[in-house]
Amino acid sequence: MPQLVTVKVNRPDRRPLRFWVPVLPVTLLLFPLVVLVVLAAIVACLVFRIGVVRALGAGWRVISALPGARFDIEQGRLAVLVAIR
């Protein structure tokens with residue numbers, strides 16, 4: 001499970017902004033929303049006749065594979081880097 005998300009925004013003619021976001025406290029704050037999303041996913045799996053355990057397992061594998069991922073987004077002179085550790 002990811003532990004830290006680093007966001008760096010390179011702005012033209014200014015100093016870059018850096019944010020370090022710890023995942024665990026944010027997850028604990030958003031836990032009620034996570035429960036609702038999981039329940040909605042279970043209902044969607046049942047409606048579309050998808051194996052619930054397999055779908056939730058696949059989602060967990062995707063989340064577990066996130067550490068080490070980097071996303072670079074550039075548009076014009078503005079650049080955003082998101083690194084998941």
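This one's a predicted model, so the numbers in the text were calculated from it and none came from an experiment.

### A few points about unusual backbone geometry
Residues apart from glycine generally show negative phi values, whereas peptide bonds are mostly found in trans. The phi angle at Asp13 is positive, at roughly 65°, despite the residue not being glycine. For Asp13, a relative accessible area of 74% corresponds to the exposed category. Although it is not a glycine, Arg49 sits at a positive phi angle of roughly 55°. With respect to the helices, strands and loops of the structure, Arg49 is situated in the loop between helix H2 (31-47) and helix H3 (52-64).

### A short note on the UniProt feature "transmembrane region" (unreviewed entry) in the protein chain
Following the UniProt record, the feature "transmembrane region" (unreviewed entry) maps to residues 20-48 here. Helix makes up 83% of residues 20-48 and strand 10%. Its end C-alpha atoms lie 38 Å apart.

### Digging into the pairing of strand S2 (residues 17-22)
The pairing of strand S1 (residues 4-10) with S2 spans six bridges and is classified as antiparallel. Along S2, the bridge assignment pairs Val5 with Val21. Between S1 and the antiparallel strand that follows it, S2, lie six residues; Asp13 among them carries a positive phi value of about 65°.

### Points about the confidence of the model for the protein chain
Chain-level statistics for the protein chain give a pLDDT mean of 93 and a share of 100% at 70 or above. Looking over the protein chain, one finds the lowest element-wise mean pLDDT in helix H1 (residues 23-29), namely 93, and the highest in H2, namely 95.

### Topic: the packing of H2 against H3
In the contact formed by H2 and H3, the axes pass within 9 Å of each other and the chain directions differ by 135°. Between H2 and H3, the angle is such that the two are oblique. Once H2 is placed against H3, the crossing between them reads as right-handed. Residues Val38, Ile42, Cys45 and Leu46 of H2 pack against Val52, Ala55 and Leu56 of H3. In terms of residue class, the contact of H2 with H3 is made up of seven nonpolar, no polar and no charged.

### Regarding the sheet that holds strand S4 (residues 78-84)
Taken in spatial order, the four strands make up an open sheet running S2-S1-S4-S3, and their pairing is antiparallel. Each edge of the sheet is formed by a strand with only one pairing partner; in this case those strands are S2 and strand S3 (70-75). Neighbour-to-neighbour, the strand axes of this sheet turn through a mean angle of 10°, independent of strand direction. By the bridge criterion, six bridges tie S3 to S4 in an arrangement that is antiparallel. Across the sheet, residue Ile73 finds its bridge partner in S4, namely Val80.

Parameters and conventions
Residues numbered from 1 in each chain as written. Predicted model: local features only at pLDDT ≥ 70, side-chain atom pairs only at ≥ 80, totals over all residues. Heavy atoms only, no water. Buried < 20%, exposed > 50% of the residue type's maximum accessible area, 1.4 Å probe, protein only. Helix = DSSP H or I, 4+ residues; strand = E, 2+ residues; numbered from the N terminus. UniProt positions renumbered as here; feature names shortened; annotations may be inferred. Pairing = 2+ DSSP bridges. pLDDT = per-residue confidence, 0-100. Axes fitted to C-alpha atoms, helices over the stretch in contact; angles between N-to-C directions. Parallel < 35°, antiparallel > 145°, perpendicular 65-115°, else oblique. Left-handed = near helix turned anticlockwise from the far one by under 90°. Contact = heavy atoms within 4.5 Å. Nonpolar A, V, L, I, M, F, W, Y, C, P; charged D, E, K, R; others polar.

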